[in-house]
Amino acid sequence: MSFSHDYRSPATPTDWNAQAANLDAGLRAYMLRVYNWMASGLLLTGIVAYVIANTSLSHLFFQVVQVPGGLVPRPTLLGDVAMLSPLAFVLVMSFGLNRLSLQGAQALFWAFCATMGASMANIFVIYTDTSIVRVFLVTACMFAATSLWGYVTKANLLRFSSFLMMGLFGLLIAGLVNLFLKSPALYYVYSIVGVFIFTAFSAFDAQRIRVTYPQLAAYEGPEMTAKRSVYDALSLYLNFINLFQFLLQFMGVRNSND
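These figures come from a predicted structure and were not determined experimentally.

Rules and cut-offs
Residues numbered from 1 in each chain as written. Predicted model: local features only at pLDDT ≥ 70, side-chain atom pairs only at ≥ 80, totals over all residues. Heavy atoms only, no water. Helix = DSSP H or I, 4+ residues; strand = E, 2+ residues; numbered from the N terminus. Buried < 20%, exposed > 50% of the residue type's maximum accessible area, 1.4 Å probe, protein only. Areas by Shrake-Rupley, 256 points an atom, 1.4 Å probe, with all protein chains shown as cover. Lys, Arg positive; Asp, Glu negative; His and termini not counted. Charge placed at Lys NZ, Arg CZ, Asp CG, Glu CD. Axes fitted to C-alpha atoms, helices over the stretch in contact; angles between N-to-C directions. Parallel < 35°, antiparallel > 145°, perpendicular 65-115°, else oblique. Left-handed = near helix turned anticlockwise from the far one by under 90°. Contact = heavy atoms within 4.5 Å. Nonpolar A, V, L, I, M, F, W, Y, C, P; charged D, E, K, R; others polar. Salt bridge = Lys/Arg side-chain N within 4 Å of Asp/Glu carboxyl O. Patch = residues over 30% accessible without salt bridge, like charges linked within 9 Å, V, L, I, M, F, W, Y side chains within 5 Å. Phe/Tyr/Trp six-rings, centres within 6.5 Å; stacked < 30°, edge-to-face > 60°.

**Q** Help me understand the overall build of the protein chain, please; the structure alone is not making it clear to me.
**A** Counting its regular elements, the protein chain contains nine helices and two strands. Listed N to C, the secondary structure of the protein chain is α-α-β-β-α-α-α-α-α-α-α in terms of helices and strands. By principal-axis analysis of the C-alpha atoms, the protein chain measures approximately 100 × 35 × 30 Å. Expressed as a percentage of the 258 residues in the protein chain, the buried residues total 38%. Of the accessible surface of the protein chain, which amounts to about 15,000 Å², a share of 68% is contributed by carbon and sulfur atoms. Here the protein chain holds 14 positive side-chain charges and 10 negative ones, and the gap between their average locations is 6 Å.

**Q** Sorry, what's going on with the packing of helix α7 (residues 161-181) against helix α8 (residues 184-219) here?
**A** To describe two helices that pack against each other, one gives the angle between their axes and the distance between the axes. Closest axis-to-axis distance for the α7/α8 pair is 10 Å, and the angle between their directions is 155°. Here α7 lies roughly antiparallel to α8, going by the angle between them. Taken as a pair, α7 and α8 cross one another with a handedness that is left-handed. Residue-level contacts link S161, L164, M165, G167, L168, L171, A174, G175, N178 and L181 of α7 to L186, Y187, Y190, V193, G194, I197, F198, A200, F201 and F204 of α8. Tallied by class, the residues present in the contact of α7 with α8 amount to 15 nonpolar, five polar and no charged.

**Q** Is there a simple way to think about the pattern of salt bridges in this case?
**A** In a structure, side chains of opposite charge can pair up when their charged atoms sit close to one another. Inspection of every chain in the model, using the stated rule, returns two salt bridges. Residues R208 and D205 are paired through a salt bridge, measuring 3.1 Å at the closest nitrogen-oxygen approach. You can see R208 and its partner D205 sitting in helix α8, three residues apart, about one turn around the helix. Exposure remark for D205: the relative accessible area of 7% places this residue in the buried category. In this structure, D232 engages R208 in a salt bridge whose closest nitrogen and oxygen atoms are separated by 3.2 Å. With D232 in helix α9 (residues 222-251) and R208 in helix α8, this pair connects stretches of sequence that are 24 residues apart. Members of the salt-bridge network, linked through shared partners, are D205, R208 and D232.

**Q** Explain the environment of V135 to me, please; I cannot follow it from the model alone.
**A** One can find V135 in helix α6 (residues 129-152). When the C-alpha atoms of V135 and F246 are compared, they prove to be 9.9 Å apart, with 111 residues separating the residues in sequence. Here V135 is in contact with F244, L247, L248, M251 and G252, once residues within four sequence places are set aside.

**Q** Just to check I follow, could you spell out a nonpolar patch on the surface for this structure?
**A** On the surface, L43, I47, Y50, V51, L57, L60, L77, L78 and V81 cluster together to form a nonpolar patch covering roughly 840 Å² of accessible area. Listing elements by their share of the nonpolar patch, those giving two or more residues are α1 (13-53) and α3 (77-95). Of the residues forming the nonpolar patch, the biggest block, four residues, is contributed by α1. Position of L57 relative to the elements: it lies in the loop between α1 and α2 (58-61).

**Q** In this structure, what is going on with the packing of helix α4 (residues 102-119) against α9? I would like to understand it.
**A** For the pair α4 and α9, the least separation of the axes is 9 Å and the interaxial angle reads 15°. The orientation of α4 with respect to α9, classified from their angle, is roughly parallel. Note on packing geometry: the crossing formed by α4 with α9 is left-handed. Residues L102, A105, Q106, F109, F112, C113 and M116 of α4 lie in contact with α9, whose contacting residues are E223, A226, K227, V230, Y231, A233, L234, Y237, L238 and I241. The residue inventory of the contact of α4 with α9, partitioned by class, reads 14 nonpolar, one polar and two charged.

**Q** For this particular structure, what's the right way to read the packing of aromatic side chains?
**A** Aromatic ring pairs are described here by two measures, namely the spacing of the ring centres and the angle between the planes. If you walk through the whole model with that rule in mind, you get 15 aromatic pairs. Judged by centre distance (5.5 Å) and plane angle (85°), the ring pair of Y50 and F124 falls under edge-to-face. Taken together, the positions of Y50 in helix α1 and F124 in helix α5 (residues 123-126) put the pair 74 residues apart, joining distant regions of the chain. Ring centres 5.6 Å apart and planes at 70° place the aromatic pair F112 and Y237 in the edge-to-face group. Taken as a pair, F112 in helix α4 and Y237 in helix α9 lie far apart in primary sequence, 125 residues in all. Considered together, F112 and Y237 belong to a single accessibility category, that of buried residues. Each residue in the set W37, F109, W110, F112 and Y237 is aromatic and connected to the rest through ring pairs, giving one cluster.

See the structure below:
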């Protein structure tokens, strides 16, 4: 008679430390990939916006018209399409996570960033170049500080998910209402609330990415992990773009002919 034993010794502290070190290294590499995607997208958006605003391409997207208050850009039909198409890209990417290939998700991300640049080209007509650069730097500092805090804090920011979504929907409704009311006071409050909400989202998403990464690393393969990094970069990108636009609304200096 023979006896066999399938005995596995419990993990030692050294094993746990090695696993934790590998997880930390993987998380740092993943976060670096996410922020690289986000920064590259912002760079593409800025280049496209600047080129369209400062070349003959601007006539395809908007026309500068004279109004009692000065010169303002009015979107053409192509400009209206450019302003609405980012929403379509976000919906396709959001609902196509499992259907899109990695290359498809990456291509959509680049297309989205380029389209966003086309939709934002008119800011170079409305605001001075100096104020755009200044607000961009302020946005970058705020975003970096809040996302870093969200990444390292021990506070549970994920419990505020429903409040942030309610605030976002309220912001959208207020923006639509003010399209008809055109109230300067409401517009100012709307901008301040928008800054607060997307600053909070910057911290929230940084923590969400950190918290969900262990599960992603444990249960998903390299391709899905790479694809998820594009989606996480899109979330951070949208936070940055929205924060920049809201800050520009009350910190930007308008051109003298506006």
